[in-house]
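Next come the chains, spelled out residue by residue.
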Amino acid sequence: MSKQKKSENEGQVEARVDALLKKMSLEEKVGQLNQVGGAAFSPGPAAEDQIRKGGAGSVLWLNDTKKFNELQKIAIEESPSGIPLLFALDVIHGYHTIFPVPLAMAASWDPKVPEKSQSVAAKEARAAGLHWTFGPMLDICRDARWGRIVEGAGEDPYLASAMAAAQVRGFQGDDVSDSERVLACAKHFAGYGYSDGGRDYDPVYLSESQLRNTVLPPFKAAVDVGVETFMSAYMDLNDVPATGNRFLLRKVLRDEWGFDGFVVSDAFAVANMVIQGHAKDRREAALRGLKSGMNMDMSSYTYTDNAAQLVEEGSLTEAEIDELVRPILTVKAKMGLFEKPYVDETLLDKVIALPEHRATSRWSAQRSMVLLRNEGGLLPLSKDVKKVAVLGPVADSMQATEGSWMVFGHTPAAVTVLQGIRAKLPNAEVTYASGPEIRRDIPSWFENLMAGQERKPEQTPAESEAAFQSALETAKAADQIIMVLGETDIMAGEAASRASLDLPGRQEELLKAVVALGKPVFLVLLNGRPLSINWAAENIPAILEAWEPGTEGGNAVADILFGDANPGGKLPVTFPRKGSHAPLYYARNTTHSPEDSPMYNPRYWDGLPVPLYPFGFGLSYTTFEFSNLKISSEKIKLGESLTVAVEVTNTGKLAGDEVAQLYIHQKHGTDTRPMRELKGFERITPATWRKEDCDLQTRQR
Ligand code: GLC
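What counts and how
- Residues numbered from 1 in each chain as written.
- Predicted model: local features only at pLDDT ≥ 70, side-chain atom pairs only at ≥ 80, totals over all residues.
- Heavy atoms only, no water.
- Phe/Tyr/Trp six-rings, centres within 6.5 Å; stacked < 30°, edge-to-face > 60°.
- Lys NZ or Arg CZ within 6 Å of the ring centre and 35° of its normal.
- Domains from an automatic or database assignment.
- Contact = heavy atoms within 4.5 Å.
- Buried area = accessible area lost by both parts, 1.4 Å probe.
- Salt bridge = Lys/Arg side-chain N within 4 Å of Asp/Glu carboxyl O.
- Polar contact = N/O pair within 3.5 Å; in protein donor to acceptor, adjacent residues only side chain to side chain.
- Nonpolar A, V, L, I, M, F, W, Y, C, P; charged D, E, K, R; others polar.
- Helix = DSSP H or I, 4+ residues; strand = E, 2+ residues; numbered from the N terminus.
- Patch = residues over 30% accessible without salt bridge, like charges linked within 9 Å, V, L, I, M, F, W, Y side chains within 5 Å.
- Areas by Shrake-Rupley, 256 points an atom, 1.4 Å probe, with all protein chains shown as cover.
- Buried < 20%, exposed > 50% of the residue type's maximum accessible area, 1.4 Å probe, protein only.
- Axes fitted to C-alpha atoms, helices over the stretch in contact; angles between N-to-C directions.
- Parallel < 35°, antiparallel > 145°, perpendicular 65-115°, else oblique.
- Left-handed = near helix turned anticlockwise from the far one by under 90°.
- Core = buried A, V, L, I, M, F, W, Y, C linked by side-chain atoms within 4.5 Å.
- Near = heavy atom within 4 Å.

Another point: the packing of aromatic side chains. Going through the model one piece at a time under the given rule, you end up with 22 aromatic pairs. Put simply, the rings of Trp109, Tyr158, Tyr586, Phe615, Tyr663 and Phe681 touch in pairs and so form one group of aromatic residues. Sitting over the ring of Trp363, Lys116 keeps its end group 4.6 Å from the ring centre. One residue, Arg142, lies across the ring of Tyr585, its end atom 4.5 Å from the ring centre.

Structure (structure tokens):
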């Protein structure tokens with residue numbers, strides 16, 4: 001859209017919002033600040049009644065196209081001002097077609113992966129009648145014990161910023177009036193990934209240096225590409241809940257960054273400020289939220305119950321309420337909801353049937369996978385194999401393959417690793433045994449909430465042993481074994497932190513027993529966080545990190561195992577050797593005792609916290625050579641930039657991708673800085689150069 005056209009539109013939108021605010025009652029304005037839960041577990045009056053009286057601006061936790069139109073009709077035709085609703089849901093990595101989890105997409109080191117994936121997710125979600133997704137999640141995390149590490153882009157602010165911008169572009173496109181886009185939501189603002197001990201919801205203490213240099217950059221990257229909404233975090237940040245934190249919501253977000261969209265709280269978080277001891281009652285919680293610039297109350301009804309009274313008693317002015325309502329009305333007008341509030345109920349079936357959606361999911365999954373080990377070049381495997389055993393508790397699990405954060409009402413439909421391998425080897429005998437089941441010691445409160453996550457009865461010790469022996473028997477009868485181990489979908493994600501990073505249950509025991517049979521064993525990991533697979537790293541020659549790869553995950557795993565795709569992903573997060581080494585990350589300050597100095601002092605006397613696999617690590621089926629490093633100038637001043645160029649040559653026999661990574665090191669400064677910091681990267685496919693095949697080295701910078 002031309003600049004001139006855009007500013008005309010902005011003028012029209014502003015005039016519409018001004019006119020609306022003039023005629024709306026105070027109760028209606030407060031209604032726009034209220035997000036109503038559409039699910040059984042959300043409190044408060046029925047959504048219909050609340051909407052009819054103009055007491056709701058948005059509805060979440062509902063995934064029903066027909067119901068969306070019914071509620072929208074009430075809002076448009078029966079509420080006092082007929083303001084359309086925003087329908088919102090957590091479409092984190094796919095609506096119907098599921099893509100790799102965001103941590104996996106970050107492992108592609110290719111912003112096109114999240115951008116293309118989230119644009120498909122947006123198209124499907126919008127066709128379902130949704131307007132707004134609660135993504136991307138931008139929390140930097142350096143403690144793999146934190147379950148929500150799966151939802152972010154790992155430990156590095158530079159990589160995470162690139163992924164943040166790409167996801168927002170994918171969801172929103174460049175014009176939110178596009179009927180195939182949804183509003184994005186930069187969350188959880190801010191610092192949530194630093195919860196003490198990786199314990200979800202626990203307090204966070206961050207210095208201004210950590211905030212400015214590590215935690216905030218991905219959020220700023222989202223603002224820079226026009227993200228329309230933010231979501232505040234649950235936890236206390238430096239003893240002030242993020243929900244009522246003026247430093248975050250006013251000073252940084254609005255005063256410094258000029259953000260002009262709106263902020264929604266996390267679930268019930270406005271009311272929770274009473275529990276956190278930041279408000280003596282719900283009235284004060286409402287006041288703190290409103291004063292701090294928290295526009296919308298997610299499903300706690302704290303604003304609805306108190307805001308009008310706060311204005312009447314003079315604790316708040318109606319002008320302050322207007323200031324909070326304005327961006328909500330503005331975004332509804334920008335989306336064209338006043339003109340087109342309803343969704344075509346025949347659209348979704350057509351959209352989700354588009355073949356390119358699953359093709360994009362398979363492509364994303366292939367590019368997200370990381371080859372951790374390939375001793376002797378055993379991978380890719382030959383397709384001529386006769387008898388393959390596929391073993392492990394997640395080898396045929398659709399839930400584990402699609403992973404954490406499915407949307408309400410989604411029925412898992414992934415191609416599992418077992419199914420992908422069977423499809424790849426139609427002439428082979430591909431046998432399967434799950435081995436003993438794996439489960440959380442403490443159930444997730446998400447269980448029984450989502451389709452396919454009903455908590456099943458626990459396997460008895462006898463059943464577990466029988467499953468163990470059956471897996472061994474299956475292995476004995478095969479020529480080679482592919483072990484598929486890792487975590488179930490609810491072992492990572494929200495309320496899914498754990499103290500250990502080991503393979504849960506008896507998986508390692510089974511792996512050792514299978515290896516003891518003396519046959520070729522290969523390992524595929526399905527997991528939502530780094531795992532301390534120390535024994536496997538020493539004893540299994542080929543290991544593929546497949547993460548939680550989505551609807552086409554099994555096919556993508558088979559593509560890579562059998563050579564139809566060459567893995568090119570790199571780790572977006574450090575893999576520690578044990579949970580107690582966390583937080584562990586590459587960008588550590590040099591200190592007076594760095595590893596390469598005579599002054600080096602081992603940080604623990606009971607074992608060095610050396611990463612099992614470092615940030616940025618990943619192998620390929622081919623090899624690469626970097627040469628002719630050039631920089632455009634020896635010196636630059638503050639604020640200037642320089643160009644670094646390097647030649648990358650594929651020195652092997654297979655085409656493949658390499659990720660050129662640029663790190664800087666500060667020798668000295670008023671603040672000490674990490675030994676190295678990522679400041680550039682590019683995933684490239686150097687032209688293949690076979691020494692014996694051609695006399696001209698075709699190289700790509
Ligand atoms: C959850 C999460 C948040 C999500 C919200 C709405 O508790 O913290 O990420 O978007 O509630 O479902």
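As assigned here, the chain comprises domain 1 (357-581) and domain 2 (624-698). The centre of domain 1, based on its C-alpha atoms, is set 33 Å off from the matching centre of domain 2. Across the contact, 5 residues belong to domain 1 and 8 residues belong to domain 2. Between domain 1 and domain 2 lies a buried interface of about 570 Å² when both sides are counted; carbon and sulfur atoms form 40% of it. Of all residues in domain 1, the largest losses of buried area upon contact with domain 2 belong to Arg367, Asn566 and Lys570, amounting jointly to 74% of the total for that side. At the junction of domain 1 with domain 2, the criterion picks out 2 salt bridges. For Lys570, the salt bridge is made with Glu658, and the minimal N-O distance between the two is 2.9 Å. In this assembly, domain 1 and domain 2 are joined by 4 residue pairs in polar contact (both at pLDDT 80 or more). Class assignment of the residues belonging to the side of domain 1 that touches domain 2 gives a composition of no nonpolar, 3 polar and 2 charged.

On the secondary structure map, Ser597 appears in the loop between helix H22 (553-561) and strand S17 (624-631). Side-chain polar atoms of Ser597 contact the backbone nitrogen of Met599, separated by 2.9 Å.

What follows concerns a nonpolar patch on the surface. A cluster of nonpolar side chains, Leu629, Ile631, Ile636, Leu642, Val644 and Leu662, forms an exposed patch at the surface whose accessible area comes to about 480 Å². The residue Leu642 is located in the loop between S17 and strand S18 (644-650) in this model. For Leu642, a relative accessible area of 34% puts it in the partly exposed group.

Attention now moves to the packing of helix H18 (residues 417-424) against H22. Running from N to C, H18 and H22 cross one another at 50 degrees; their axes reach a closest spacing of 7 Å. Classified by the angle between their axes, H18 and H22 sit oblique to one another. Handedness of the H18/H22 crossing: right-handed. On H22, the residues that touch Val417, Gly420, Ile421, Ala423 and Lys424 of H18 are Gly554, Asn555, Val557, Ala558, Asp559 and Leu561. Considered class by class, the residues forming the contact of H18 with H22 number 6 nonpolar, 3 polar and 2 charged.

Attention now goes to the nonpolar core. Judged by nonpolar contacts, the single largest core of 166 residues is most densely connected at Trp132, Phe189, Phe230 and Met483. Both domains that furnish three or more residues to this core are identified here as domain 1 (357-581) and domain 2 (624-698). For Phe189, the contacting residues outside a window of four places in its chain are Leu216, Phe219, Phe230, Met231, Ser232, Ala233, Ala242, Leu248, Leu249, Val252, Leu253 and Trp257. Met369, Leu371, Val388 and Ala395 belong to the second largest nonpolar core, which has 35 residues in total.

Okay, the site of the ligand next. Taken together, Trp61, Asp90, Phe134, Arg148, Lys187, His188, Met231, Tyr234, Asp266, Ala267, Met298 and Glu494 are the residues near the ligand. At 2.8 Å from an oxygen atom of the ligand is found a side-chain nitrogen or oxygen belonging to Arg148. The separation between an oxygen atom of the ligand and a polar side-chain atom of His188 is 2.6 Å. When the ligand is considered free in solution it has 310 Å² of accessible area, and contact with the protein chains removes 96% of it. For the shell around the ligand, the residue count by class is 6 nonpolar, 1 polar and 5 charged.

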